[in-house]
Amino acid sequence: MAHVFPAEFAGLEPFADWAIHGEKLRYAKRIASTMEELQAFYDVAFPLLEKGTAYLEKVRLDGIGDEDKHLLWAFCSLITVAFPVEAWGQPRVPDSGPSSIDAVVEPAV
């Protein structure tokens, strides 16, 4: 069975659908998710953040492998769900109505 993430991050495998390339798509998944789904992902990913950061700091971006790329994207998704989980208690920014912000430049990875 192929792994989405490096073996040392196997605990993230149930959340492989959070390894999303692109801020817009990560935001769309956040908005489409329930707080229970956001919390479940957060509860598994957040404790791995420090270990994941140390791991990814050793990875060269030129020629980055799929497992490492997916790990990077999953931690980008963790950033996307952190405020809803830690502060707002809802997927959307409170009192923001239909407003949105679009990233016009993103990392190439």
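Here is what the cut-offs are and how they apply
Residue positions within a chain follow its written sequence, with the count starting from 1. This being a predicted model, a pLDDT of at least 70 is required before a residue's local features are given, and a value of 80 or more before pairs of side-chain atoms are given or counted; all residues contribute to the totals for chains, interfaces and linings. Think of the side-chain values as coming from all heavy atoms in the structure, minus any hydrogens and water. We call a set of buried Ala, Val, Leu, Ile, Met, Phe, Trp, Tyr and Cys residues a nonpolar core when their side-chain atoms join them within 4.5 Å. Categorising residues by exposure relies on relative accessible area from a 1.4 Å probe, with only protein chains included: less than 20% of the type maximum marks a residue as buried, more than 50% marks it as exposed, and the intermediate range marks it as partly exposed. Put simply, DSSP H or I for four residues or longer makes a helix, DSSP E for two residues or longer makes a strand, and each gets a number counted from the N terminus. Every residue pair with non-hydrogen atoms within 4.5 Å of one another is taken to be in contact. Any helix carries an expected span of 1.5 Å times its number of residues minus one. What is called the bend at a residue is the angle between a pair of axes, fitted to the seven residues leading up to and ending at it and to the seven starting from it. Only four residue types enter the charge count: Lys and Arg as positive, Asp and Glu as negative, with His and the chain ends excluded. Each reported salt bridge corresponds to a side-chain nitrogen of Lys or Arg within 4 Å of a carboxyl oxygen of Asp or Glu. Identification of polar contacts relies on pairs of N or O atoms within 3.5 Å, with a donor-acceptor requirement for protein atoms, meaning one able to donate a hydrogen and the other able to accept it, and with residues adjacent in sequence counted only if both atoms are side-chain atoms.

1. Structural notes on the nonpolar core
Thought 1: Leu12 and Phe41 are the most contacted members of the largest nonpolar core, which has 23 residues in total.
Thought 2: When residues in this core are grouped by element, the largest group, 7 residues, is from helix 4 (residues 66-88).
Thought 3: Not counting residues within four places of it along the chain, the set of residues in contact with Leu12 comprises Phe5, Phe41, Val44, Ala45, Leu48, Leu71 and Phe75.

2. Describing helix 4
Since there are 3.6 residues in each turn of an α-helix, residues three or four apart along the chain are aligned in direction.
Thought 1: Counted at 1.5 Å a residue, the expected span for helix 4 with its 23 residues is 33 Å, and the 33 Å between its end C-alpha atoms agrees.
Thought 2: Remark: the principal bend of helix 4, roughly 40°, maps to Val81, with a proline, Pro84, within the next four residues.
Thought 3: Every buried residue of helix 4 is listed here: Asp68, Leu71, Trp73, Ala74, Phe75, Ser77, Leu78, Thr80, Val81, Ala82, Pro84 and Val85.
Thought 4: Looking at the buried residues of helix 4, the elements they touch are helix 1 (23-32), helix 2 (35-45) and helix 3 (49-57).

3. Notes on the side chain of Thr80
Thought 1: If you trace the backbone, Thr80 turns up in helix 4.
Thought 2: Other than its neighbours up to four places away in sequence, Thr80 contacts Arg26, Tyr27 and Arg30.

4. Describing the side chain of Arg30
Thought 1: By the element assignment, Arg30 lies in helix 1.
Thought 2: No salt bridge is formed by the buried Arg30. Its closest oppositely charged neighbour is Glu23, at 7.3 Å.
Thought 3: Among the polar contacts made by the side chain of Arg30, one reaches the main-chain carbonyl oxygen of Pro91 at a distance of 2.8 Å.

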